[in-house]
Amino acid sequence: MKKTIYTLLAATALGFSAGCTDELNIPQKGVYPTDTYYSTDEEASTALALSMSYVNNMAFEIIESINCLSDDMWPGGANSGDQPGLHQFSGFYISTENDKVKNIYSFSYRLIYFSNVLIEKLEGKEDATPYMKQCVAEAYFLRGWAEFYLGVLWGNPPIVDHVLTSAEYGVTNSEDGAMLEQAAKDFRHALDSGYLPKKLSLGDRTNLAHCTEAAALGYLGKTYLFQKKYAEAAETLDKIIDGGCYALYDGAYEDIIKAPSNWSDEGIFEINCPPNQTDATAPQLMSYVYIYAGWREDFFDFSSMKPGFDNFNTTGYGFFNPQGKLVDALIKSDGANGYRTTSVVKDQTYVQDVMGIAKKANAPAHGHGLYCGWKNRYEWSDVAMNWGGWSPFPATNFRFMRYAEVLLRAAEAHFLSDSPDKALDYVNRVRTRAQAPLYTSIDMDKIKLECQVELCMEGQRFMDLVRWGDAATVLATQGQNIEMLDIDASGKWILVPDAASSPTYGFKAGRNERLPYPQEELDQNPNIKQNPGN
C-alpha cells in the first residue's frame, strides 16, 4: 500500500493515511506520495504548518482548561452542567472519560507524530536546504514542547521519538521524569542545530511566527526548573535576558495578552491568529479561547453600556471567572487599587458605574466571584470574523510564554542556586512594570506570589503548585464552596451558597498530582498503566 499525504485547509494542514491497493493504484487528486513530497521548501513549510496547527488546537486546553485545575479561576458557564470536563477539573473529580484530558493527551501525541514525520523525512537529507534544516530544528522544538506538557501533567507517559512501525504499537509508560528529560534533549537538539530563527534586536519581527531560539531556551530553562536543576535553569534563562532582544511590554498592562500586544518584544512563544479572516468561504482558524471568557448576557444587562466601550464584546459564554483567592493575592501583592490589580479584575463599582453594565436580578452566576475578569476580557479586537454574533475566529495571538515568565523562572532558579541578588532584580523588574511596591529582599514566598499574580489566567498556576509541593494544601477544599454571584435587594453584588459539584471535591495528595490516562488510550493500549488513584 502506498503511503500518502492529503493536503488540507490550504497550506495549514496535512493528513497522512493509506492509499489505494496495488490493484487500484489510480492517482488521486490532492494526494502526494511521501517518498517524493518533501522535496521543496514550500512542501517542508506546509508539513511544519501541520505540526503548528496542533499547537493551535492545544491552545484552549493549555491556556484555559488547565486554569480550572487551580485557584485562579472558576469554570463558570451557564451552570455546573455546562462543559462538565472543566467542572471536573475544578473539583478534582476527574474521569478517565474527561474530554479535556483526552484532548490534551491526543493533541500532544499528534503533534509528536507529525513532528517525527518531518524529522525523519528531512533530517540527513543530502540536498536539504537551509530552510529545510530550520524546519527540522523547529520540529524538534515542537516535539519537546508537547513532551514537556505530557511529562508535567502525566508524569510517566510513553516516549515516542520516531514514527512507530505496526510492530511497535502499544508503547508502555516511561520511567518517572524520563519524558521531561526527553523534552530537554529535544530542546537542546533544536538549539545545537544552529538553525532556529532568532531575533537580532528589540523590535525585530522577522521570524516571530516561527519557533525561535528564545522559545527553545525558555522552555529548556523551564524544563530544568521543573527537574530541579536550578543552576542549569538559571544559566539557560539568562541567555534570553542577557541577549537584550526581549523586553516587558510597555503598553497598557490590561492589554498584556490582548490584540494590542501581538508580536510585542515580550512574546517568547506565541502563535499567530490571522487578523484578516474575513472570507466566510475560506479556511478559518477556529478557537474558543477568547469567546468562552466573555461575560454572559444571561447574567449581565448590557443594554445601557456607556459610550467608550465599543470594543467590549457582549457575546461571551461566561467561563473562566477569577476566584476570590486570586483577587486576595492581587490585593496582598499590589493593593486593592493597584495598577495591576485593576488591570486584571474589575469590581462592581467599575462594571456598574463606569461601564454601565448591571448584574441581572434573579440570575445567579455559577462559578463567579465578586470580581469580573479583565485581563482575559473578550473584545471585538479579539475577533477576526463575526458570523452574526457567533465569533470563534480569533485575531489575538495565543501566548504560551512571555518575557515576564522568563524573568520569574530565572528569579526562582537563581534564588534556589544561591544568587538572591539576581532573583531580587528580576522580580523587581516585573513589579516595576506592574507599578507594584518593590521588594528590598527576596524569598520563595515572594517569588511564588509574584508568579501567581503576574502569570494568572495563563495556565501556569496548577503546574507551579504541584512542583512546589503546595497543591495539597492550597487546593484542599477546591470545589467545596463554589462562588456564585447574585445581588441583594439594594442591587449590591453578593455571594450566595452553591453546593459542591461532587462529594469528592479537593486536591488529594497521591492522586491529583497527575492527570488520569484517557480511557480511550487504556482501551487501545493494554500496556499503559493508569496513574495512582484513578
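Note: the structure precedes this text.
Residues numbered from 1 in each chain as written. Predicted model: local features only at pLDDT ≥ 70, side-chain atom pairs only at ≥ 80, totals over all residues. Heavy atoms only, no water.

S.K.: Honestly, the overall build of the protein chain in this entry has me stumped. Any pointers?
M.R.: Per the secondary structure count, the protein chain includes 17 helices and 14 strands. In summary, the protein chain has a C-alpha radius of gyration of 23 Å against a globular reference of 24 Å for 534 residues, a match within 12%. In terms of its C-alpha atoms, the protein chain occupies a principal-axis envelope of roughly 80 × 55 × 50 Å. Looking at the protein chain as a whole, 56% of its 534 residues are labelled buried. Looking at the protein chain, you have 46 positive and 69 negative side-chain charges, and the mean spots of the two groups are 2 Å apart. (Helix = DSSP H or I, 4+ residues; strand = E, 2+ residues; numbered from the N terminus. Rg over C-alpha atoms; globule rule 2.2 N^0.38 Å. Buried < 20%, exposed > 50% of the residue type's maximum accessible area, 1.4 Å probe, protein only. Lys, Arg positive; Asp, Glu negative; His and termini not counted. Charge placed at Lys NZ, Arg CZ, Asp CG, Glu CD.)

S.K.: What should I look at first to understand the packing of aromatic side chains in this one?
M.R.: One pair of aromatic rings is described through two measures. These are the centre distance and the angle between the planes. Applying the stated criterion to the full structure yields 41 aromatic pairs. Seen from the ring of Y439, R431 lies directly overhead, with NZ or CZ sitting 4.2 Å from the centre. Its guanidinium or amino end placed over the ring of F226, R467 lies 4.8 Å from that ring's centre, counting from NZ or CZ. (Phe/Tyr/Trp six-rings, centres within 6.5 Å; stacked < 30°, edge-to-face > 60°. Lys NZ or Arg CZ within 6 Å of the ring centre and 35° of its normal.)

S.K.: Which parts of the structure should I look at to understand the pattern of salt bridges?
M.R.: Side-chain pairs of opposite charge can arise where the charged atoms are in close proximity. Applying the stated rule across the entire model yields 35 salt bridges. Measuring nitrogen to oxygen at the nearest pair gives 3.2 Å for the salt bridge that ties K229 to E181. Here the residue K229 occupies a position in the loop between helix 7 (213–226) and helix 8 (230–243), and E181 occupies one in helix 6 (residues 178–192), the gap between them amounting to 48 residues. Judged by relative accessible area, K229 falls into the partly exposed class, the value being 28%. Judged by relative accessible area, which is 29%, E181 ranks as partly exposed. Via salt bridges that share partners, E266, D334, R340, K375, R402, R431, R433, E450, E454 and E458 belong to a single interconnected network. (Salt bridge = Lys/Arg side-chain N within 4 Å of Asp/Glu carboxyl O.)

S.K.: What's the story with the sheet that holds strand 10 (residues 365–366) in this structure? I'm lost.
M.R.: Across the sheet, which stays open at both edges, the three strands sit in the order 10-13-14 with antiparallel pairing between neighbours. One side of each edge strand has no neighbouring strand; the edge strands of this open sheet are strand 10 and strand 14 (493–495). Bridge analysis of strand 13 (residues 484–487) against strand 14 gives three bridges, and the strand direction is antiparallel. For D486, the partnering residue across the bridge sits in strand 14 and is I494. (Pairing = 2+ DSSP bridges.)

S.K.: Got a minute to help me understand helix 15 (residues 461–468) in this structure?
M.R.: Each full turn of the α-helix corresponds to 3.6 residues, which orients residues three or four apart in the same direction. Judged by how many residues are buried, helix 15 sits mostly within the fold: seven of eight residues are covered. Every buried residue of helix 15 is listed here: R461, F462, M463, D464, L465, R467 and W468. Packed against the buried residues of helix 15 are helix 5 (130–154), helix 7, helix 12 (403–416), helix 14 (444–454) and helix 16 (471–474). (Contact = heavy atoms within 4.5 Å.)

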